[in-house]
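The chain contents come next:
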There are 2 protein chains.
Amino acid sequence: MTAIETLPLARKLGAYMALSQAERTLISDLHQSCKPVAAGRRLVDQGQSNHLAYILSAGWACSYKILPNGARQIVDFHIPGDFLGLRHVLLHTSDHTIESITDSEVADVPVKELLEILSRNPRLVTAVLWAASRDEAMVVEHLVNIGRRSAVGRMAHFLLELGSRLKLVGLGDKQGYVCPLTQYHLADALGLTAVHVNRVLRQLRENGLLTFRHGVVTFDDYHALSTMADFDPTYLDQAGTTSIVTMRNRCPAQ
Amino acid sequence: MTAIETLPLARKLGAYMALSQAERTLISDLHQSCKPVAAGRRLVDQGQSNHLAYILSAGWACSYKILPNGARQIVDFHIPGDFLGLRHVLLHTSDHTIESITDSEVADVPVKELLEILSRNPRLVTAVLWAASRDEAMVVEHLVNIGRRSAVGRMAHFLLELGSRLKLVGLGDKQGYVCPLTQYHLADALGLTAVHVNRVLRQLRENGLLTFRHGVVTFDDYHALSTMADFDPTYLDQAGTTSIVTMRNRCPAQ
DNA sequence: CGTAGTGTTGACCAAATTCAATATCTGTGG
DNA sequence: CCACAGATATTGAATTTGGTCAACACTACG
């Protein structure tokens, strides 16, 4: 078992609120069955319910929906420390598929155990609720991105957002990051075709804004890129720490 | 004060799980200050935090984001019984604006009170978390809609979804419903221009699928419309009641 | 090697936008 | 009750964006 401090989920929730020793132990308990998963394996299936939630410890994954016409829309990418299938567990239906992109490691969490832990720990529920809210904020930003930005703007904004998320867990910086996504992944996430993704990437490269080659995203001009993409990482910030602190002072902890 | 049974929020949460008398009373307490709001008034402002959540008792509202270039993306429309500003309260920042579309009635809920109620009532937290999850499911569907469907498909799917939601609160049926949205609202929600919205509506009308005129949506051929739009209302269903019960019983296994 | 997945590019096409002009509706004041 | 203004809806023509089809290059890996 890994030391509690290095568990991505603990680190993530810990960024929201200070965790008591008991709470840390509970989170640790959720990681009992951490196991490797090969790339391309489906963890949650659209339309089915396998009653498991996962914590992604290592690797990349994505959530997507397949339309009857065969088109795929990727809703979100998941990086280490992310909770997988949370909504799936709560709604009891799987409205989308979650699939590993790279070889990964996941801890699967039985629903029963999760619900018991949460029902006994209102503070933890609050933290999880907050993590879920942050996820929704990302989906909303994604929606705005697809609905109201040009292809180039979408791409720039998306790669910047991914950079911010990765920086938070120590997997990237303002220079860039390692990124296992194919142009097909990008296309299905951004509502474009793979061919057009290629052209857009070329355009960004030729304009000296960013380079995405050989699995590496390099920000050639971070400032100019942020400007042209209207990128504002506020919605990702953990400014929430302040928020939760406020919340904790107002309501009696349990 | 209205009888608890007729409060939209109570009705909504009650569809998820049976509510105890104490819980009903708590929900009723949240409606202390129900007041009228004129059309076009902003309730929550992008970038500000006014620390209030609302329950929409009557009328229509919408959440949207304005991009620096002036474009607007409507994230969701709200109808009676919807919770407004939930994420806003939890994240302590307002990442989007919520505005009334018609003259409406809202009950504003002070954050402090809401948090106190939730921290003392884990079951209620679960219900709220679930309502929030349903909202996210709608945003996800919206994302898929914009990312991977043609303009006509988007419009059809969107108007069908709205019909399902309204039917749930008794404001519409398979024939159609009264709808105060302008073509600009539709455009900003679907990532189109108002001009193109007009053409798309004409096309749907001329194909005998649906008519949207003078503030009324009429389904001329519900079945054909659902088919062409790949509409599957599963993600809106309240099958959840079963879900929560089942979740308690099931488990481990894979 | 050879194959499958991925990336790259060009020529052509379709969908949606933009610009612009009118029409219609709705509420308001005279 | 009518005239008017502002918002909303409708339509056409020209343009842009992104998609489709097709060919080929590069890379990794058995």
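- As annotated in an unreviewed UniProt entry, chain A carries the name Crp/Fnr family transcriptional regulator and is attributed to Halomonas alkaliantarctica.

**Examining the overall build of chain A**
- When you go through chain A residue by residue, the secondary structure sums to 10 helices and 12 strands.
- Counting over 254 residues, chain A shows a buried share of 60%.
- Pairs at least 24 residues apart make up 72% of the contacts formed inside chain A by residues separated by at least 6 positions.
- Accessible area of chain A: about 10000 Å², with a carbon and sulfur share of 52%.

**Considerations on the pattern of salt bridges**
- One pass over the full model with this rule turns up 18 salt bridges over all chains.
- Taking the shortest distance from any N to any O, the salt bridge between B:D188 and A:R148 comes out at 2.8 Å. With B:D188 in helix 7 (residues 183-190) and A:R148 in helix 5 (residues 122-148), this pair bridges two chains.
- Salt bridges sharing common partners tie together A:K65, B:E141, B:R149 and B:D230.

**Considerations on the sheet that holds strand 5 (residues 72-78) of chain A**
Residues and elements named next belong to chain A.
- Reading across the sheet, the four strands line up as 2-7-4-5 and stay open at both edges, with antiparallel pairing between neighbours. Of all the strands in the sheet, the pair left with one neighbour each is strand 2 (42-44) and strand 5. Strand-to-strand twist of the sheet, defined as the mean angle between neighbouring strand axes without regard to direction, takes the value 30 degrees.
- Alignment of strand 2 against strand 7 (residues 97-100), held across two bridges, turns out to be antiparallel. In the strand pairing of strand 7, R42 is matched with E99.

**Here we look at the protein's contact with DNA strand C**
- In the vicinity of DNA strand C there are 15 residues, among which A:Q183, A:N198, B:A151, B:H196 and B:R199 approach most closely.
- For DNA strand C, the backbone makes up 64% of the atoms found within 4 Å of the protein, where backbone means sugar plus phosphate.
- One of the side-chain N or O atoms of A:N198 is found 3.0 Å from a phosphate oxygen in DNA strand C.
- Between B:T193 and DNA strand C, the recorded distance is 3.1 Å, taken from a side-chain N or O atom to a phosphate oxygen.
- Contributing elements (two or more residues each) for the surface near DNA strand C: helix 8 (194-206) of chain A together with helix 8 (194-206) of chain B.
- For the surface near DNA strand C, the leading source of residues is helix 8 of chain A, giving four residues.
- Of the residues that constitute the surface near DNA strand C, the class distribution is four nonpolar, seven polar and four charged.

**Considerations on the packing of helix 7 (residues 183-190) of chain A against helix 8 of chain A**
All names here are of chain A.
- Contact geometry of helix 7 with helix 8 gives a least axis separation of 8 Å together with a crossing angle of 100 degrees. Taken together, the axes of helix 7 and helix 8 lie roughly perpendicular to each other. Two secondary-structure elements touch here, helix 7 through Q183, Y184, L186 and A187 and helix 8 through A194, V197, N198 and L201.
- When grouped by side-chain class, the residues that make up the contact of helix 7 with helix 8 number six nonpolar, two polar and no charged.

**Structural notes on the packing of aromatic side chains**
- This structure, assessed with the given rule, holds six aromatic pairs over all chains.
- With 5.9 Å between their ring centres and 65 degrees between their planes, A:Y177 and A:F219 make a pair best called edge-to-face. With A:Y177 in strand 10 (residues 176-178) and A:F219 in strand 12 (residues 216-219), this residue pair connects regions lying 42 residues apart in the sequence. Both residues of the pair, A:Y177 and A:F219, count as buried.
- Ring geometry for B:F219 and B:Y222: centres 5.2 Å apart, planes at 85 degrees, overall edge-to-face.
- Residue B:F219 is classed as buried on the basis of its relative accessible area of 7%.
- Among the aromatic residues, those joined into a cluster by ring pairs are A:Y177, A:F219 and A:Y222.
- Sitting over the face of the ring of A:Y64, A:R72 holds its NZ or CZ atom 5.1 Å from the ring centroid.
- Seen from the ring of B:Y222, B:K174 lies directly overhead, with NZ or CZ sitting 5.0 Å from the centre.

**Quick look at the pairing of strand 8 (residues 104-110) of chain A**
All names here are of chain A.
- When you tally the buried positions in strand 8, you get six out of seven residues, the bulk of the element.
- Note that strand 1 (residues 34-37) and strand 8 share four bridges and pair antiparallel. Considered in strand 8, the bridge of K35 is made with V106.
- As judged from the six bridges shared by strand 3 (residues 52-58) and strand 8, these two strands associate in the antiparallel manner. Bridged to A53 within strand 8 is V109.

What counts, and at which threshold
Residues numbered from 1 in each chain as written. Chains lettered and ligands numbered in written order. Predicted model: local features only at pLDDT ≥ 70, side-chain atom pairs only at ≥ 80, totals over all residues. Heavy atoms only, no water. Helix = DSSP H or I, 4+ residues; strand = E, 2+ residues; numbered from the N terminus. Buried < 20%, exposed > 50% of the residue type's maximum accessible area, 1.4 Å probe, protein only. Contact = heavy atoms within 4.5 Å. Areas by Shrake-Rupley, 256 points an atom, 1.4 Å probe, with all protein chains shown as cover. Salt bridge = Lys/Arg side-chain N within 4 Å of Asp/Glu carboxyl O. Pairing = 2+ DSSP bridges. Axes fitted to C-alpha atoms, helices over the stretch in contact; angles between N-to-C directions. Near = heavy atom within 4 Å. Polar contact = N/O pair within 3.5 Å; in protein donor to acceptor, adjacent residues only side chain to side chain. Nonpolar A, V, L, I, M, F, W, Y, C, P; charged D, E, K, R; others polar. Parallel < 35°, antiparallel > 145°, perpendicular 65-115°, else oblique. Phe/Tyr/Trp six-rings, centres within 6.5 Å; stacked < 30°, edge-to-face > 60°. Lys NZ or Arg CZ within 6 Å of the ring centre and 35° of its normal.

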